[in-house]
Amino acid sequence: MAYDIHIFRGKDWWDGTTDPITSEELLAVDGVESANSVTSTNQQTGVEIKMASDGLYTYKEACVMLRKGMITVAARSENVIEVIRPLAETLGAVIQGDEGEFY
């Protein structure tokens, strides 16, 4: 089961954003790089998964997707919040999980 973390400027991620994050803003953040595709290896099974999409970026060890002015990060590790917190702070945005909790 997948669980996503959202970075956005607004009240709740499911309501959308009041101030969309742009690709130019995102790329201006130190450590963010545009990616045509990202490859990840499942640590338990060793299976390699490749994802390709427009709006795909990397930040530190996180793969982030920019859609409709909001960033989505698949929570694959327990420390993902601490990894992406500086990104959210730099963008003046908040972090919210799929179930509505804020970090």
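The structure displayed is predicted, hence computed values, not measured ones.

### Here's the deal with the nonpolar core
So, step 1. Formed by 22 residues in total, the largest nonpolar core has its most connected members in Ile-7, Leu-26, Ile-71, Val-73, Ile-84, Leu-87 and Leu-91.
So, step 2. Of all the secondary-structure elements, those providing two or more residues to this core are β1 (4-8), β5 (56-59), β6 (62-67), β7 (70-74) and α2 (80-90).
So, step 3. For this core, the element with the highest residue contribution is α2, accounting for six residues.
So, step 4. Among residues more than four places away in sequence, those in contact with Leu-87 are Ile-7, Leu-26, Val-29, Val-32, Tyr-59, Val-64 and Ile-71.

### Here's the deal with unusual backbone geometry
So, step 1. Despite not being glycine, Lys-60 has its phi angle at roughly 55 degrees, a positive value.
So, step 2. Considering the arrangement of structural elements, one finds Lys-60 in the loop between β5 and β6.
So, step 3. For Lys-60, a relative accessible area of 52% corresponds to the exposed category.

### Observations regarding the pairing of strand β3 (residues 37-41)
So, step 1. Of the strand pairs in this sheet, β3 and strand β4 (residues 48-52) are connected by five bridges, and their pairing is antiparallel. The residue of β4 that forms the bridge with Val-38 is Met-51.

### Section: the confidence of the model for the protein
So, step 1. Summary statistics for the protein give a mean pLDDT of 89 and a share of 99% for residues scoring 70 or more.
So, step 2. For the protein, the element scoring lowest by mean pLDDT is β3, at 74; helix α1 (residues 23-28) scores highest, at 97.

Cut-offs and rules
Residues numbered from 1 in each chain as written. Predicted model: local features only at pLDDT ≥ 70, side-chain atom pairs only at ≥ 80, totals over all residues. Heavy atoms only, no water. Core = buried A, V, L, I, M, F, W, Y, C linked by side-chain atoms within 4.5 Å. Buried < 20%, exposed > 50% of the residue type's maximum accessible area, 1.4 Å probe, protein only. Helix = DSSP H or I, 4+ residues; strand = E, 2+ residues; numbered from the N terminus. Contact = heavy atoms within 4.5 Å. Pairing = 2+ DSSP bridges. pLDDT = per-residue confidence, 0-100.

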